[in-house]
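Listed here are the chains, written in short residue letters.
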Amino acid sequence: MTKLRAGPAHRDPGLAGLILAAGRSTRMTGGSKLLSGFGSTTVIRGSKLLSGFGSTTVIRQVVSTALAADLDPVFVVVGHDALAVRASLEGLIVRFAAVPGEPEGRMVSVVTGILALAEDSVTGAMLLLGDEPGLAADHIRAVRAATEPGASVVLRASFRDRPGHPVYLPETVLRSIPDLSRRHGPDAGLWDVIVHSGLPHRGVPIEALSPIDVDTRDDLSRAVDRESHT
């Protein structure tokens, strides 16, 4: 009698994480700075993503948060510092999508990440910024808890001080973004595309201050200081 081999176990579609990390860190200067209470923070070759954040780096902190929130698969969209970013994430279960050539337009990284998900069965994706190490897994969970199966509503974290990331794109919307972005020109951002395309959207209230975008050394200092007091 011939024995049949069991096929691969069925895997339910997951909620993907797309982490945008292809910027050039043009406003981050080199050097280092000692910050009391949370260790030292070193800016490596001017790259904000590779800057020290406590015992880790800015980008590794964001990726670790995405994984802790059970996003799967997690893609990191890389560009200028691709090799260094990849090396800094060694040991984490993460995949990469490289922006082709020099990024042109605000939507290139978003579209690159979405296209990388073309072969994956997902319920949608959470978009995160690679330079917001203060993002908490609970922020992601709060937005995820507001999703509705089968609904095509885009959700955006609405912090006490401003709206921000994560942004949740349900699967049907996710697949339409590359085409929609071409209609709005290179200077349109994701939220411009969503609103001007008439896609249903709403905010998810989060009772916390928004994570600090690390664009400069001062931003990094503030982010580290805030983390040391939480």
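Residues numbered from 1 in each chain as written. Predicted model: local features only at pLDDT ≥ 70, side-chain atom pairs only at ≥ 80, totals over all residues. Heavy atoms only, no water.

Draft legend 1. Expanded view of the sheet that holds strand E8 (residues 122-129). Reading across the sheet, the 7 strands line up as E7-E6-E1-E8-E10-E9-E11 and stay open at both edges, with mixed pairing between neighbours. At either margin of the open sheet sits one strand with a lone partner, and together these are strand E7 (95-98) and strand E11 (201-205). Strand-to-strand twist across the sheet, computed as the mean angle between neighbouring axes with direction ignored, equals 25 degrees. Here strand E1 (residues 14-21) pairs with E8 via 7 bridges, running parallel. Of the residues in E8, the one forming a bridge with Ile19 is Leu128. Along the sheet, helix H1 (residues 58-68) makes contact with E1, strand E6 (74-78) and E8, crossing E1 at roughly 170 degrees. (Pairing = 2+ DSSP bridges. Helix = DSSP H or I, 4+ residues; strand = E, 2+ residues; numbered from the N terminus. Axes fitted to C-alpha atoms, helices over the stretch in contact; angles between N-to-C directions. Contact = heavy atoms within 4.5 Å.)

Draft legend 2. How the structure looks around the side chain of Asp120. Inspection of the secondary structure puts Asp120 in the loop between helix H3 (108-116) and E8. Beyond its immediate chain neighbours, meaning those up to four positions away, Asp120 contacts Pro73, Phe75, Arg95 and Arg175.

Draft legend 3. Inspection of the packing of H1 against helix H4 (residues 137-145) at higher detail. At their nearest, the axes of H1 and H4 sit 8 Å apart, and the two run at 45 degrees to each other. One way to sum up the angle between H1 and H4 is to call them oblique. In the crossing of H1 with H4, the sense of the turn from one axis to the other is right-handed. Here H1 contributes Thr65, Ala66 and Ala68 to the contact with H4, which in turn contributes Ala137, Ile140 and Arg141. In the contact of H1 with H4, the residues fall into 4 nonpolar, 1 polar and 1 charged. (Parallel < 35°, antiparallel > 145°, perpendicular 65-115°, else oblique. Left-handed = near helix turned anticlockwise from the far one by under 90°. Nonpolar A, V, L, I, M, F, W, Y, C, P; charged D, E, K, R; others polar.)

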